[in-house]
Amino acid sequence: MKPDVRILVVDDSRPMREFIVQIIASREGFVTLEASDGAEGLEMALADPPDLILLDMEMPRLNGFQVVDALRAQQANIPIILITSHGSEAIAVEVFRKGVKDYLIKPFTAEEMYAAIERALTEVRLRREKEALTQHLTAANQQLRRRVQELDTLYRVGKSVTSLLSRDQLLERILDAVFYVIGAEEAALMLMDEESGTLRTELHRQRVSGELHQLAHRSAEELASDAARKEHATATGAMLSAPLKVGNRVIGALGVGNRVSTRPFSGHDRQLLRALADYAAIAIENARLYEKVRQADRAKSEFVSFMAHELRTPMTSIRGYADLLAKGTVGPLTPQQEEFVCTILSNAERMQVLVSDLRDISRIEMGQLRLEVKPVRLAESLENGPQATRGQIEARSQQLTVEVPENLPLVHADPARLAQILINLLSNAYKYTPEGGHIRVRAWLQDGHVHCAVSDTGVGISPEDRARLFTKFFRSEDPAVQEMPGTGLGLCIVRSLVELQGGEIEVESQPGRGTTFAFTVPVATTE
Ligand code: ADP
C-alpha cells in the first residue's frame with residue numbers, strides 16, 4: 001500500500017484552515033497537518049518534513065516569504081503552494097523566483113486548490129520515482145563493482161597460484177587465497193594419498209583476530225574429507241567445502257569453517273570456494289607433474305653423465321692404440337691399413353668430442369659444472385684457441401686474423417673454459433665457411449667488460465635458425481651445415497660457460513655473407 005501524502009497547512013485564519021483541510025480530507029490518500037502561524041509551520045516542517053506545504057502569505061510572526069526563505073536556508077526542499085490575497089504579476093515573479101511550486105489567490109474554489117495540489121504532487125512523485133531508480137541503480141552498480149572486484153581477485157589469485165611450482169609454497173598460497181577470498185575463520189587443505197587412497201591433511205589453519213594458528217580440532221578437515229568422498233561441494237551451517245578435482249579424479253579437498261562466530265556461508269561463498277578449488281587442483285597437479293619431469297630430467301642427466309664417464313676409458317684406449325698403429329710403432333702399415341687407421345682415429349676424435357660435450361651438458365643441467373675462475377690474460381686464451389684450430393683452418397685454405405690490443409686488462413674467467421669457448425666458436429667458423437674464406441678474432445674493452453668477437457665470411461644463419469641457435473642438439477637444415485660433422489651441443493655449452501663467468505653472448509649474421517659471435521668477460525677486479 002502506498003503511504004499517505006502528508007500536507008502541512010499553514011494559515012493563521014482558522015476558518016481558512018478548516019476549509020482547506022475539509023477539501024483535502026474529502027480525497028483519499030491524503031493526511032493533513034495544521035500550523036496556525038509561520039513560526040509554528042516552519043518548526044513542524046523542519047521537524048518532520050511533509051510532502052507538500054500550503055502556505056498563507058500574510059501571517060503574524062513569520063509571513064509566507066519568510067517561511068520559504070527559512071526553509072531554503074535549512075536546505076529543506078519541500079514543495080510549497082503559496083496562498084495570497086493579492087494577485088499581481090509582481091507576486092507571481094517573486095513566488096517562482098523563490099522556487100515556490102505554485103500560488104493560489106484567495107478566494108479560490110476547491111477545484112482550483114485541488115488542481116494546484118495535483119500539479120505539485122505529480123512533480124513530487126516523479127522526483128521520488130527518480131530517486132528510487134537512482135538508488136536502485138547505485139545499488140546495482142555497487143553489486144556489479146563488487147562482483148568485478150571478486151572476479152578480478154579470483155583471476156589474480158588463480159594466476160599467482162597456477163604460476164607456482166614449488167609444492168609447499170603452493171599449498172600455503174592456496175590457503176592464503178582461501179582466507180583472502182572467503183572471510184572464513186579456519187581453512188583446511190587435504191590431499192589424497194595416491195598409494196593408500198585416503199585423504200591426508202596437508203595444511204590446517206585458523207584465523208583468530210587476524211592471526212593464524214594451527215588447530216587442534218579437525219572439523220573443517222572432516223568436512224573437507226566428506227566433500228572429497230561425495231565429489232561435490234557440501235555445506236553444513238558454518239562449514240563449507242569443495243573437492244579438488246582433476247578431470248573426474250578427486251585429488252583432495254578444501255574446507256572452510258566459521259565455528260566461533262557461526263556465521264553461515266552464502267551460496268556466493270560456495271561458488272567462490274569452488275572456483276578456487278578448480279584453480280588449486282590444476283596448480284597442485286601442475287606442481288606434481290613438474291616435479292616428476294624434474295626427477296626424470298635429473299635421472300637422464302645422471303645417466304648421460306655416468307655413460308660419458310664410462311666411455312672415456314675405452315675411448316682413450318681406442319685412440320691410444322690407433323695412434324700407435326698410425327705412427328708405425330708396431331710395424332709398417334700398408335697404404336690401405338694406414339687409411340683405415342686414419343678413419344678410426346678421426347672418428348674416435350669425434351666421439352671423444354661428443355662424449356666430452358655430453359658430460360659438460362649434463363653437468364650444466366645438474367648445476368654441477370664448477371669453474372675455476374681467476375684473473376686471466378685473455379690474450380693467452382686467444383692464442384691457444386687459434387693454435388688448436390690452426391691446422392683445420394689451414395686445411396680449408398682460410399685466412400685467420402687475430403686483433404688483440406696489448407693493454408687489455410686481466411679478465412675474471414676460467415682459462416680452460418675460455419679456451420673451450422674460443423675453440424668452439426672457431427670450429428664453427430671454419431666448418432661453416434667455404435674454403436678460402438676469412439676468419440677474424442677481435443677483442444676490446446668496453447663498459448667494464450672485455451668483448452671478444454669471432455667473425456667469419458661463411459654461410460650465415462637465417463632468422464628462423466637464429467631463434468633456435470643456443471638450444472640443445474640444434475643444427476641447421478642447410479646442406480652446407482649438414483655436410484659437416486657436429487653434435488648441435490657446442491653453442492649451448494658455449495652460452496652456459498659465458499654466462500657462468502658473468503658474461504653475455506650474442507650473434508649477428510647475414511645469410512650467405514657471414515656470422516659474428518660476440519661474448520663478454522668481466523674485467524678482473526684488483527682487491
Ligand atoms: P654443431 O656445430 O656441432 O652443429 P653448435 O651448437 O656449435 O653445433 O652449432 C649449432 C648450429 O648453429 C650449427 O649446426 C649451425 O647450424 C649453426 N652455426 C653455428 N655457428 C655457425 C657459424 N659460424 N656459421 C653458420 N652457422 C653456424
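Everything that follows concerns the structure shown earlier in this document.
Residues numbered from 1 in each chain as written. Predicted model: local features only at pLDDT ≥ 70, side-chain atom pairs only at ≥ 80, totals over all residues. Heavy atoms only, no water.

Chemist: Hey, could you go over the nonpolar core for me, with residue numbers and the actual values?
Modeler: Counting residues in hydrophobic clusters, the biggest one holds 40 residues, and the most contacted among them are Phe517 and Phe519. At the level of secondary structure, the elements contributing two or more residues to this core comprise helix 10 (378–395), strand 14 (411–413), helix 11 (415–431), strand 15 (438–446), strand 16 (449–456), helix 14 (490–500), strand 17 (505–510) and strand 18 (514–522). Among the elements that make up this core, the one with the highest residue count is helix 11 (7 residues). Core analysis: the second largest hydrophobic core is formed by 33 residues, Val181, Leu203, Ala280 and Ala281 among them. (Core = buried A, V, L, I, M, F, W, Y, C linked by side-chain atoms within 4.5 Å. Buried < 20%, exposed > 50% of the residue type's maximum accessible area, 1.4 Å probe, protein only. Helix = DSSP H or I, 4+ residues; strand = E, 2+ residues; numbered from the N terminus.)

Chemist: Could you give an account of the packing of aromatic side chains, naming the residues involved and the relevant values?
Modeler: The description of an aromatic ring pair uses the distance of the two centres, along with the angle that the planes make with each other. For the structure on display, the rule yields 4 aromatic pairs. Geometrically, the ring pair formed by phenylalanine 30 and tyrosine 114 is edge-to-face, given 6.0 Å between the ring centres and 90 degrees between the ring planes. Note that phenylalanine 30 is positioned in strand 2 (residues 30–35) and tyrosine 114 in helix 5 (residues 110–162), a separation of 84 residues in sequence. Take tyrosine 114: its relative accessible area is 11%, and that puts it in the buried class. Between phenylalanine 470 and phenylalanine 517, the aromatic rings sit 6.4 Å apart at their centres with planes inclined by 90 degrees, giving edge-to-face as the arrangement. Placement of the pair is phenylalanine 470 in the loop between helix 12 (463–467) and helix 13 (479–482) and phenylalanine 517 in strand 18, with a sequence separation of 47 residues. Considered together, phenylalanine 470 and phenylalanine 517 belong to a single accessibility category, that of buried residues. One Lys or Arg, arginine 27, reaches over the ring of tyrosine 114 and ends 3.3 Å from the middle of that ring. Taking NZ or CZ as reference, lysine 98 lies 5.3 Å from the ring centre of phenylalanine 65, over its face. (Phe/Tyr/Trp six-rings, centres within 6.5 Å; stacked < 30°, edge-to-face > 60°. Lys NZ or Arg CZ within 6 Å of the ring centre and 35° of its normal.)

Chemist: Which residues make up the site of the ligand, and what values do they have?
Modeler: Around the ligand, the surrounding shell holds 20 residues, and the nearest of these are Asn428, Tyr432, Arg475, Thr487 and Leu491. With respect to the ligand, the side chain of asparagine 428 contributes an N or O atom lying 2.8 Å from an oxygen atom. In this structure, an oxygen atom belonging to the ligand sits 3.2 Å away from a main-chain N or O atom of glycine 490. Looking at the shell around the ligand, the elements with two or more residues in it are helix 11, helix 14 and strand 18. Counted by class, the shell around the ligand contains 9 nonpolar, 8 polar and 3 charged residues. (Near = heavy atom within 4 Å. Polar contact = N/O pair within 3.5 Å; in protein donor to acceptor, adjacent residues only side chain to side chain. Nonpolar A, V, L, I, M, F, W, Y, C, P; charged D, E, K, R; others polar.)

Chemist: Before we move on, could you go through the packing of helix 2 (residues 38–47) against helix 3 (residues 64–73) and cite the residues and values that matter?
Modeler: Their axes nearest at 10 Å, the elements helix 2 and helix 3 cross at an angle of 25 degrees. As judged from the angle between their axes, helix 2 and helix 3 are roughly parallel. Two packed elements cross with a definite hand, and for helix 2 against helix 3 that hand is right-handed. Contacts between helix 2 and helix 3 involve Gly38, Leu42, Ala45 and Leu46 on the former and, on the latter, Val67, Ala70 and Leu71. Of the residues in the contact of helix 2 with helix 3, the class split is 6 nonpolar, 1 polar and no charged. (Axes fitted to C-alpha atoms, helices over the stretch in contact; angles between N-to-C directions. Parallel < 35°, antiparallel > 145°, perpendicular 65-115°, else oblique. Left-handed = near helix turned anticlockwise from the far one by under 90°. Contact = heavy atoms within 4.5 Å.)

Chemist: I'd like to hear about the sheet that holds strand 1 (residues 5–10), residue by residue, with values.
Modeler: Spatially, 5 strands are ordered 2-1-3-4-5 in an open sheet, and the strand pairing comes out parallel. The open sheet is flanked by strand 2 and strand 5 (102–105), the only strands paired with a single partner. Neighbour-to-neighbour, the strand axes of the sheet open up by a mean angle of 20 degrees, direction not taken into account. Pairing analysis gives 6 bridges linking strand 1 to strand 2, with the strands arranged parallel. (Pairing = 2+ DSSP bridges.)

Chemist: An account of a nonpolar patch on the surface is requested, with residue identities and associated values reported.
Modeler: Taken together, the side chains of Phe303, Phe306 and Met307 present a nonpolar region at the surface, about 310 Å² in accessible area. Within the secondary structure, phenylalanine 306 is located in helix 8 (residues 267–326). (Patch = residues over 30% accessible without salt bridge, like charges linked within 9 Å, V, L, I, M, F, W, Y side chains within 5 Å. Areas by Shrake-Rupley, 256 points an atom, 1.4 Å probe, with all protein chains shown as cover. Salt bridge = Lys/Arg side-chain N within 4 Å of Asp/Glu carboxyl O.)

Chemist: Please set out helix 11 residue by residue, giving values where relevant.
Modeler: Helix length check: helix 11 (17 residues) gives 24 Å between terminal C-alpha atoms against 24 Å at 1.5 Å per residue, within 8%. Among the 17 residues that make up helix 11, 14 are buried, leaving the element largely enclosed by the rest of the structure. At the N-terminal end of helix 11, a side-chain oxygen is found 3.1 Å from the backbone nitrogen of alanine 416, two or three residues along, and the residue is aspartate 414. (Expected span 1.5 Å × (residues − 1).)

Chemist: I'd like to hear about the environment of arginine 298, residue by residue, with values.
Modeler: Along the polypeptide, arginine 298 turns up in helix 8. In this structure, the C-alpha to C-alpha distance between arginine 298 and isoleucine 174, residues 124 residues apart in sequence, is 28 Å. Those residues in contact with arginine 298 that lie beyond four places of it in its chain are Met366 and Gln368.

Chemist: So what's going on with the pairing of strand 4 (residues 80–84)? Residues and values would help.
Modeler: Among the 5 residues in strand 4, 5 count as buried, and that is most of the element. Burial along strand 4 is two-sided: Ile80, Leu82 and Thr84 facing one way and Ile81 and Ile83 facing the other are all buried. Pairing of strand 3 (residues 52–56) with strand 4, which is carried by 4 bridges, proceeds in the parallel orientation. Looking at strand 4, one finds that aspartate 56 is bridged to isoleucine 83. As a crossover connection, the stretch from strand 3 through helix 3 into strand 4 is right-handed. Note that strand 4 and strand 5 share 4 bridges and pair parallel. (Right-handed = clockwise from strand over helix to strand, strands pointing away.)

Chemist: I'd like a rundown of the layout of surface pockets, residues and numbers included.
Modeler: Approximately 430 Å³ is the volume attributed to the second largest pocket. Considering the residues around the second largest pocket, the lining is formed by 19 residues, among which Arg167, Leu191, Glu194, Ile284 and Arg288 are closest to the centre. At the level of elements, strand 6 (186–192), strand 11 (249–257) and helix 8 are the ones that each hand at least two residues to the lining of the second largest pocket. Counting residues per element, the lining of the second largest pocket draws most heavily on helix 8, which supplies 8 residues. Residue classes in the lining of the second largest pocket are distributed as 8 nonpolar, 1 polar and 10 charged. (1 Å grid on protein atoms, 1.4 Å probe; cavity = no way out; pocket = protein on both sides within 12 Å on 5 of 7 lines; lining within 4 Å. Points joined across faces, edges and corners; volume = space filled by probe spheres on them.)

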